[in-house]
Amino acid sequence: MSLTFYTGDFVMSKIKIKQNRTEFYETAVSMGFYGNEEASLFGKKDNVRKFWEDMVLKTYCRPFIEDFLNQHSKITILDLGCGSGEGIELLTHIPPSNPKEMVNKNFILLPIKIREYYGLDISPSMITQGRANYRGKNNFKFEYANLEEGLPPAILNHEPFNIYFSSYSALSHLTPDSLESLFRQIFSHAQKDSVFIFDVHGKFSPEWPVHWKVEKELLPYSMAYLYNKDIREKNKIEWFNICYWKPADLKMRIERAAKSVNREIEICYMHDRSIFVGRHMDTGLLSPLITQLRYQVNRLIDHGYRGEPKHLKLNLEYLEKYVPENSTFWNKLVTYKNSWNRVIYFLEALLNHKDTKISAFIESEEIEHMEDDFKFLAWLFRNSDRFPVADFWASVIGPQVAMILRNIEMSYSEAEGIGHGLMCGIKVMK
Ligand SMILES: C[S@@+](CC[C@H](N)C(=O)[O-])C[C@H]1O[C@@H](n2cnc3c(N)ncnc32)[C@H](O)[C@@H]1O
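Treat the numbers as computed from the prediction; the structure is a model and nothing was measured.

In the vicinity of the ligand, 21 residues are found, and the nearest of them are Gly81, Gly83, Ser167, Ala170 and His173. Of all the elements in the fold, those that place two or more residues in the shell around the ligand are helix H1 (22-30) and helix H3 (86-91). For the shell around the ligand, a count of residues per class yields eight nonpolar, nine polar and four charged.

Rendered as structure tokens:
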């Protein structure tokens, strides 16, 4: 199907929407994106994915897993839209919450503590790749399922799982009604104390302002960010429809689903992830502006590169005309933008050795709860010769600045749907 896509005054040229959703993933697997890749500046497992996005997911899963392991010796996991088993990697690489006491323990959940992992996906190539990645592990299963049609009989007849899991917006592929019906199946299948941890795409991410005012259930999305810019321009971009979620709509559907099957649940968190570092910030495919924000944060985190403050500064004016009337999310975007920019101005002052600016920043009332972060950065800078690293700016200051930016995002507790990912954690109470 080919259509011209108008949203407000932004016109996307003729785009082709793939009817067969798995097609892109078949190509992605064949190009090696779902094998083992090292973290770096670009690609599926870039630094932001590994040290920002994965870490935020892990931090939110951690209390649930620690709780389970206090009560059970082994756990069972159902992974919905599992890809090639990325969920296993995520869940088995969660660092302990208390770094001082757990010095001999790298991760809280070892593969040996997984009694059964069951991954479901619609893409045959993903299933094949997942089986290859975990060859020889008989309790790790990968099976075909189209979740649009609900859970397959093999799962419905299976005993309840401890963790129902889904990562990196696999469930955004479903229509809202199909997702609600999946919620109903999961809540009736689960047992008391089971948890359901998943994420979908947020409606109001600055990556896709062209979608902000469009009230349609499904809207175009592309994973062309996996290719570097040159290939992206040469190749035709593939689009498919997904659902972008507002937190209130998601909450309403979750609660309605639980009620309809008489389950008591608690939504433990809903959280915006990757507000300014989502993949499409740098593609400009769904926005009038291409930024270098993800690339620059990748550089900050990388021990071989420094960030470039001039490309890290945020100006959101270009987004104002896309904001729907009476929306509440814009204030939060602006607040985060202000905090983000303060960190970048401070980095700039440090890089340029502007001592008076540095002191003024630390003493300024505008920095609110950030004085400790600024003091710590200033302390690192003043003690730079004590660090036995080849490039102090690349190895020490850059990663520290990136983690401060990430932690500001994590400090916002109420989701507004302004992140690339809208994360949700649910516990079945009764
Ligand atoms: C962005 S990938 C995420 C993969 C993996 N969970 C991860 O964390 O990287 C989305 C996955 O959802 C799968 N998917 C899409 N639509 C689906 C459906 N209707 N039923 C089952 N899986 C689906 C895709 O094949 C793909 O593997």
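Chain-level statistics for the protein give a pLDDT mean of 90 and a share of 90% at 70 or above. Low pLDDT, under 50, characterises residues 1-11; the stretch is placed with 20 contacts to residues that sit more than four places away or in other chains.

On to unusual backbone geometry. Of note, the phi angle at Tyr168 is positive, near 55 degrees, even though the residue is not glycine. Although it is not a glycine, Asp193 sits at a positive phi angle of roughly 80 degrees. Note on placement: Asp193 falls in the loop between helix H6 (176-189) and strand S7 (195-202). Given 16 C-beta atoms within 10 Å, Asp193 falls into the partly exposed group.

Here we come to the domain arrangement of the protein. Taken as a whole, the protein is organised into domain 1 (2-288 + 414-428) and domain 2 (293-411). The gap between the C-alpha centroids of domain 1 and domain 2 is 28 Å. Between domain 1 and domain 2, the contact holds 23 residues from the first and 23 residues from the second. Looking at the side of domain 1 that touches domain 2 residue by residue, the classes come out as 15 nonpolar, three polar and five charged.

With that settled, consider the pairing of strand S6 (residues 163-166). Of the two faces of S6, the one lined by Ile163 and Phe165 and the one lined by Tyr164 and Ser166 are each fully buried. As defined by bridge partners, S6 adjoins S7 across four bridges and the pair is classed as parallel. Following the sheet pairing, Tyr164 is matched in S7 by Phe196. Running through H6, the crossover from S6 to the neighbouring parallel element S7 is right-handed.

Among the nonpolar cores identified, the biggest contains 104 residues, and Ile77, Leu80 and Tyr164 are the most heavily contacted of them. Both domain 1 (2-288 + 414-428) and domain 2 (293-411) contribute no fewer than three residues apiece to this core. One finds Val210, Ala224, Tyr225 and Leu286 within the second-largest nonpolar core, a separate group that totals six residues.

All right, on to the packing of helix H9 (residues 293-301) against helix H14 (residues 392-411) then. At their nearest, the axes of H9 and H14 sit 6 Å apart, and the two run at 130 degrees to each other. Overall, the two elements H9 and H14 adopt an arrangement that is oblique. Contacts between H9 and H14 involve Val297, Leu300 and Ile301 on the former and, on the latter, Gly398, Pro399, Val401, Ala402 and Leu405. For the contact of H9 with H14, the per-class residue count stands at seven nonpolar, one polar and no charged.

Cut-offs applied
Residues numbered from 1 in each chain as written. Predicted model: local features only at pLDDT ≥ 70, side-chain atom pairs only at ≥ 80, totals over all residues. Near = placed C-beta within 6 Å. Helix = DSSP H or I, 4+ residues; strand = E, 2+ residues; numbered from the N terminus. Nonpolar A, V, L, I, M, F, W, Y, C, P; charged D, E, K, R; others polar. pLDDT = per-residue confidence, 0-100. Contact = placed C-beta atoms within 7 Å. Buried ≥ 20, exposed ≤ 12 C-beta atoms within 10 Å, placed from the backbone. Domains from an automatic or database assignment. Pairing = 2+ DSSP bridges. Right-handed = clockwise from strand over helix to strand, strands pointing away. Core = buried A, V, L, I, M, F, W, Y, C linked by C-beta atoms within 7 Å. Axes fitted to C-alpha atoms, helices over the stretch in contact; angles between N-to-C directions. Parallel < 35°, antiparallel > 145°, perpendicular 65-115°, else oblique.

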